[in-house]
Amino acid sequence: MSNDMSISRYLDPKELAAFFRELADAVENGGHDEFACVDDFRKIKIGVKNEFGQISLKAKFKAAKPCAPDVVGEDGKLVLPKYKDLKKRMRGSFKILVKMIHDGSAPPKEAVDAFLADAALMVTYPGYGDEYYESFTDVCAQFKAAFESGDLEKMHAAVDLLVHEKSRCHAKYD
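Quick notes on the rules
- Residues numbered from 1 in each chain as written.
- Predicted model: local features only at pLDDT ≥ 70, side-chain atom pairs only at ≥ 80, totals over all residues.
- Heavy atoms only, no water.
- Core = buried A, V, L, I, M, F, W, Y, C linked by side-chain atoms within 4.5 Å.
- Buried < 20%, exposed > 50% of the residue type's maximum accessible area, 1.4 Å probe, protein only.
- Helix = DSSP H or I, 4+ residues; strand = E, 2+ residues; numbered from the N terminus.
- Contact = heavy atoms within 4.5 Å.
- Patch = residues over 30% accessible without salt bridge, like charges linked within 9 Å, V, L, I, M, F, W, Y side chains within 5 Å.
- Areas by Shrake-Rupley, 256 points an atom, 1.4 Å probe, with all protein chains shown as cover.
- Salt bridge = Lys/Arg side-chain N within 4 Å of Asp/Glu carboxyl O.

Novice: Hey, could you run me through the nonpolar core in this one?
Specialist: Side chains that are nonpolar tend, in soluble globular proteins, to be buried together. The biggest cluster of nonpolar side chains holds 25 residues, and the ones touching the most others in it are F115, F136, F143 and L162. The set of elements that each furnish at least two residues to this core consists of helix 2 (83–102), helix 3 (109–122), helix 4 (130–149) and helix 5 (152–173). Sequence-distant contacts of F115, that is, excluding residues within four places in its chain, are made with M90, S93, F94, L97, F136, C140 and L162. Membership of the second largest hydrophobic core comes to 14 residues, among which are L11, F35, I55 and L57.

See the structure below:
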C-alpha cells in the first residue's frame, strides 16, 4: 500500500471549517477512512479555491511510512519493500541527519531509528553493493553509539563516514 493519500471534492463554504476540524482531530488522535494514517504525516498539502460559490478542496497527505501493517508472504516471512522505495525512504531520514548534525544539533531519535532500521534492511538485498555492506554496517554501529552517547562531535564524524560510504557505493552502483 502506498503512503500517499489524496482528497479532491467540492464543498459548500460552510462545510470547510468542519473539514479542517476533522483533519485536526485526525492529526491529533489518529484518523480513519479518508484520514487514515494522517497522524503519521510527513507532508500535508492543501489547496482551497472559491469557485463560483463552491469550495474546491484538494488535499494530499504523505505518510512517513506505508499506511498498512507489515505484509507476510505465503512462506511466513515479511515481504520486503522494493529496493527503490527503501532507498527513497532512507534518503529522507539521512538528509535530516546530515543537515541537523552539520548545523550543530542532534537529530530526532525517530529519524535516527528510521535510518538505522532501513540501513539494516538495505544490507539484506543482494546485488546492490554487497562488498560495501560490512563497512557500511560498521559505520552505522559507530553512528548509533555516537547518537546514544549524545556526543555531537562523534555524531559529526560518524555521519561524515556514512556520507563517504554512501559515495563509495553509489559511485559504482548508481
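Having put the structure on the table, let's press on.
Novice: Mind showing me how you'd approach the environment of M100 here?
Specialist: Counting through the fold element by element, M100 comes out in helix 2. On the basis of relative accessible area, M100 is assigned to the partly exposed category, the value being 24%. Considered as a pair, M100 and H156 are 56 residues apart in the sequence and their alpha carbons are 9.7 Å apart. Apart from the residues lying within four places of it in its own chain, the contact partners of M100 are S105, A106, P107 and P108.

Novice: Whenever I open this one, a nonpolar patch on the surface confuses me. Can you help?
Specialist: Taken together, the side chains of F20, I46 and V48 define a hydrophobic patch exposed on the protein surface, amounting to about 210 Å² of accessible area. Looking at the element boundaries, V48 is found in strand 2 (residues 41–51).

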